[in-house]
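# Remarks on the overall topology
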Amino acid sequence: MNINHLSIYRDKGNHLAAAMASLLLLVAGGCVMDNEDCSVVDPNDGIVVTFELSGGIPAHTRALDEEEGSEEESYIDINDLYIFTFEIGEGKTVADGDSKLMEILWSPNKDERLDKSVITSSAGNAIWLRTILNSNPNGTGNDPYKNDDGTYKNFCIVTVANASKWLEGGAAYSGLTEGTTLADLQKTLSYSTVLTNGSWVPGGEKNPSWMPLFGIKRVNLDGYDPKTYNESNPYPLGTVWLLRALAKVEITTGADSGLTIESANVVGSGWNKDLSLIPFDSPENKSLNCMEKYAVTGSTGQMVRVPTFTSTAAGESETLSFSIEGNKAVVYLPEYNLQSNNRIVSIKFKELPNYFPLNVSPYDANGDPVSGEDIWWKFILRNYLYRFNIKGVTIDKNLQINWTVCPMDQVEITIPDFE
């Protein structure tokens, strides 16, 4: 067993994305920049905090080579961005589906968000927000961020981005009130509502929508000191990492294969028309422990096992087209159970008359699909990249394939070397 070099999708900013973000800031209104004059806040009026939102889970290591990924896969649209604080229930160490809404820090609707919330910077796949939480460091009594003895509680920052256009009828996440639970925030998104001509790519001209993102981070105000922190020096709460709600399947042909991809499709009944915004473990306890290390950190992690999701299989005639660019075919998919059938892709080459099936599975040295025991071969998993490189076609229509599978931003994984 060798470790192949995997190509990962760590997003990097570019001038186009920065320009787009600037335009969105103007549309959103109510945003100021750090270099503008800031009024002085009396500590009794609240606690000034700042934090970053970043699209895409970070890699655990930089040991392997990186390729520049797509900015669009982690783009954060501030006109479809919601940032909340949620409580952590009594006796619990992390938030779950029963956790209740505390405050709406940011909403596209100015009337819903805190008056003092401002986006101080936006770079496409990264957002910095400054706001004033309704907590009095000098006060006592009813304070949502404090325990009865005056010490600060742990709570969570929860972020939902780019999700409204995936809801039936395009309904926004509005009308949330105190007492709304994290489970209430969970809405099953309709993948089929954003499809145009049977395919979707993030931010495409035909599909002006971005990939849904969800993030959560456990924080507290223990280190806050009103003598040190103020509106010109907000208390930092770190980075909230956002998890992409879709997987990416990519097919290419080898330079020596003599093959050019004409079309590729996910076959009917081979994909899920629904996707879930929040990756709960089960309908009963609505834990988020399917994310790596969540039980310890209380913060967004890479998927390590499949969450419970609503699955509406497409009909037999509802094929889903890959997007073709050059000699690369790409499709984005919601989570899906592959255990009953993983032969879900059909490929047509310009040079050959027939369609060829492709299993979402590992392949042996002869180009034959084999059973994969890892969880990512049993299910399509969100934020995972499934990459297949076709080296040629044999007489019996088997594809000669090299494959990789990995989290989009994570690079440590052991894969058989077939060369």
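Small disclaimer: the values here were computed from a predicted structure and weren't measured.

### Here's the deal with the layout of surface pockets
The volume enclosed by the largest pocket comes to roughly 570 Å³. Along its surface, the largest pocket is lined by 23 residues, and Glu87, Met102, Pro144, Lys146 and Lys153 are the ones closest to its centre. Of the residues in the lining of the largest pocket, the class split is four nonpolar, nine polar and 10 charged.

### Description of the sheet that holds strand E10 (residues 213-219)
One open sheet accounts for eight strands, arranged E5-E4-E8-E10-E11-E2-E7-E6; its pairing is mixed. Sheet topology places strand E5 (101-106) and strand E6 (118-122) at the edges, where each strand pairs with a single neighbour. Sheet twist, expressed as the average angle between the axes of neighbouring strands with direction ignored, equals 25°.

### Side note on the nonpolar core
Most often, soluble globular proteins keep nonpolar side chains buried together rather than apart. Judged by nonpolar contacts, the single largest core of 78 residues is most densely connected at Phe84, Leu185, Tyr386 and Phe388. Per-element accounting of this core gives the leading share, five residues, to strand E17 (residues 328-333). Contacts of leucine 185, omitting those with residues within four sequence positions, involve Phe84, Phe86, Val158, Val160, Tyr173, Leu176, Leu277 and Ile278. Counting residues in each nonpolar core, the second largest holds 30 residues, with Val49, Ile78, Val219 and Leu237 among its members.

### A word on the packing of aromatic side chains
For the structure on display, the rule yields 15 aromatic pairs. With a centroid separation of 4.8 Å and 75° between ring planes, the pair formed by tyrosine 145 and phenylalanine 155 is classed as edge-to-face. Remark: phenylalanine 155 occurs in strand E8 (residues 155-161) and tyrosine 145 occurs in the loop between strand E7 (126-133) and E8; sequence separation between them is 10 residues. Comparing tyrosine 145 with phenylalanine 155 shows no difference in burial state: the two are buried. Measuring from centroid to centroid gives 6.0 Å for tryptophan 376 and tyrosine 384, while their planes differ by 25°, and the two rings are stacked. For tryptophan 376, a relative accessible area of 16% corresponds to the buried category. A connected cluster of aromatic rings, assembled from ring pairs, spans Trp166, Tyr191, Trp200, Trp271 and Tyr332. Seen from the ring of tryptophan 106, arginine 113 lies directly overhead, with NZ or CZ sitting 3.8 Å from the centre.

The rules we used
Residues numbered from 1 in each chain as written. Predicted model: local features only at pLDDT ≥ 70, side-chain atom pairs only at ≥ 80, totals over all residues. Heavy atoms only, no water. 1 Å grid on protein atoms, 1.4 Å probe; cavity = no way out; pocket = protein on both sides within 12 Å on 5 of 7 lines; lining within 4 Å. Points joined across faces, edges and corners; volume = space filled by probe spheres on them. Nonpolar A, V, L, I, M, F, W, Y, C, P; charged D, E, K, R; others polar. Pairing = 2+ DSSP bridges. Helix = DSSP H or I, 4+ residues; strand = E, 2+ residues; numbered from the N terminus. Axes fitted to C-alpha atoms, helices over the stretch in contact; angles between N-to-C directions. Core = buried A, V, L, I, M, F, W, Y, C linked by side-chain atoms within 4.5 Å. Buried < 20%, exposed > 50% of the residue type's maximum accessible area, 1.4 Å probe, protein only. Contact = heavy atoms within 4.5 Å. Phe/Tyr/Trp six-rings, centres within 6.5 Å; stacked < 30°, edge-to-face > 60°. Lys NZ or Arg CZ within 6 Å of the ring centre and 35° of its normal.

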